[in-house]
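Letter by letter, the chains look like this.
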Amino acid sequence: MAKCVKLFSGVELPLVGLGTWKSKPGEVQNAVKSAFSCGYRHIDCAACYGNEKEVGDAFKETIGSVVERKDVFITSKLWNTKHAAVDVKPACIESLKDLQLDYLDLYLIHWPYGFVNIGENFPKNPDGTIQYSDVSLMETWGAMEKLVDEGLCKHIGLSNCNSKQVAEVLEKGRIKPAVLQVECHPYFNQERLINFCKEKDIVVTASSPLGSPDRPWAKSSDIILVEEPTLKAIGDKYKKSPAQVALRFNVQRGVVVIPKSITPARIAQNLEVCDFELSAEDMKKIESLHNEATGRVCVPAIEVDGKRVPRDAKHPLYPFNEPF
Ligand SMILES: NC(=O)c1ccc[n+]([C@@H]2O[C@H](COP(=O)([O-])OP(=O)(O)OC[C@H]3O[C@@H](n4cnc5c(N)ncnc54)[C@H](OP(=O)(O)O)[C@@H]3O)[C@@H](O)[C@H]2O)c1
């Protein structure tokens, strides 16, 4: 079982959870069951992953028998088309229904900016650009707070937000964000944002903690974090794999990791990162892998003349134009 970190509420969040993005409906059910069997108690879901019904089938089979509801921590995320205040509660209820749960432990706003709600996850204009909505982050946050009041979720939080957006919610909101989920791994280690969140008692969860080698836009020429020679050399010393070293790097900084896998042996391996400690010197070596210019890989983008360019960079709420 993974160690936990305490949220500001006092509730414990396991430092290792299972990611479910890209896990196909036929695969995700077994992945979740396999994770619970080997000791995971934290699953990261989202409506836009298109597999919450199958995750829910796995919950139905296991919660109350293999695990107790009170012992598991389940996260879901509000998709961009549901940012208007009127759409937030129905979206949460749909996720709860699909996941076959009465409440979520954590509900995150998936991205700070919204899209119009016309029945598609990625509504487009005739020229192929996204149809954005002009809903403010605080309108959505206010509706998220009501979900807590009504007992539909225990905590609410943010995802893919920069420090200024987190600060705005802290300043203007009634309920504090418990978690900020952002891409975080040795190639993009988020040091400044993590320090900012630590000061505010907000837990950071690392999405794509293994560098998301199966992201749909990965090219065969891209460098692969789980094959990084520095991580391999460090892992050899501790008898751990490069993936385990990458996960341990975050866990040792108090950052929660949610590696995705559909492979039982890897699911088990990824949980075994709380039984060793990287030396200060090895932590420094891993920190030196950070690359501000190229390290971030999960950026919504479109192809222009064969190159990937950020899709949403001109939106006023686009988070990655700020230094952190
Ligand atoms: N908030 C957001 O916007 C956001 C964005 C991205 C991700 N996320 C969340 O974070 C989770 C993790 O991120 P991710 O899915 O992008 O990628 P990831 O966890 O960084 O990497 C997943 C890939 O690594 C492989 N893998 C898993 N364990 C391994 C190991 N021990 N050794 C070698 N390879 C291993 C998996 O293969 P197999 O599955 O074939 O075993 C899969 O190809 C997501 O699933 C999602 O829940 C959130």
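Keep in mind that what you see is a predicted model, and the values were worked out from it rather than measured. (Residues numbered from 1 in each chain as written. Predicted model: local features only at pLDDT ≥ 70, side-chain atom pairs only at ≥ 80, totals over all residues. Heavy atoms only, no water.)

Q: Explain the sheet that holds strand β3 (residues 18–19) to me, and be specific about the residues and the numbers.
A: In space, the 8 strands of this open sheet follow the order β3-β4-β5-β6-β7-β8-β9-β10, with parallel pairing throughout. Of all the strands in the sheet, just β3 and β10 (256–257) have a single pairing partner and so form its edges. Judged from the 2 bridges that link them, strand β9 (residues 203–207) and β10 form a sheet pairing that is parallel. When the bridges of β10 are listed, A206 appears paired with V257. (Pairing = 2+ DSSP bridges. Helix = DSSP H or I, 4+ residues; strand = E, 2+ residues; numbered from the N terminus.)

Q: So what's going on with the site of the ligand? Residues and values would help.
A: The full set close to the ligand counts 29 residues, and K22, D44, S212, S261 and T263 are the nearest of them. Between T20 and the ligand, the recorded distance is 3.2 Å, taken from a backbone N or O atom to an oxygen atom. Between H110 and the ligand, the recorded distance is 3.2 Å, taken from a side-chain N or O atom to an oxygen atom. Isolated, the ligand exposes 910 Å² of accessible area, and the fraction of that covered by the protein chains is 91%. According to the grid-proximity analysis, the pocket containing the ligand is the largest pocket. Take the shell around the ligand: its biggest share by element is 3 residues, from helix α9 (residues 264–271). Along the lines of polarity and charge, the residues of the shell around the ligand split into 9 nonpolar, 14 polar and 6 charged. (Near = heavy atom within 4 Å. Polar contact = N/O pair within 3.5 Å; in protein donor to acceptor, adjacent residues only side chain to side chain. Areas by Shrake-Rupley, 256 points an atom, 1.4 Å probe, with all protein chains shown as cover. 1 Å grid on protein atoms, 1.4 Å probe; cavity = no way out; pocket = protein on both sides within 12 Å on 5 of 7 lines; lining within 4 Å. Sits in = over half its atoms within 2 Å of the grid points. Nonpolar A, V, L, I, M, F, W, Y, C, P; charged D, E, K, R; others polar.)

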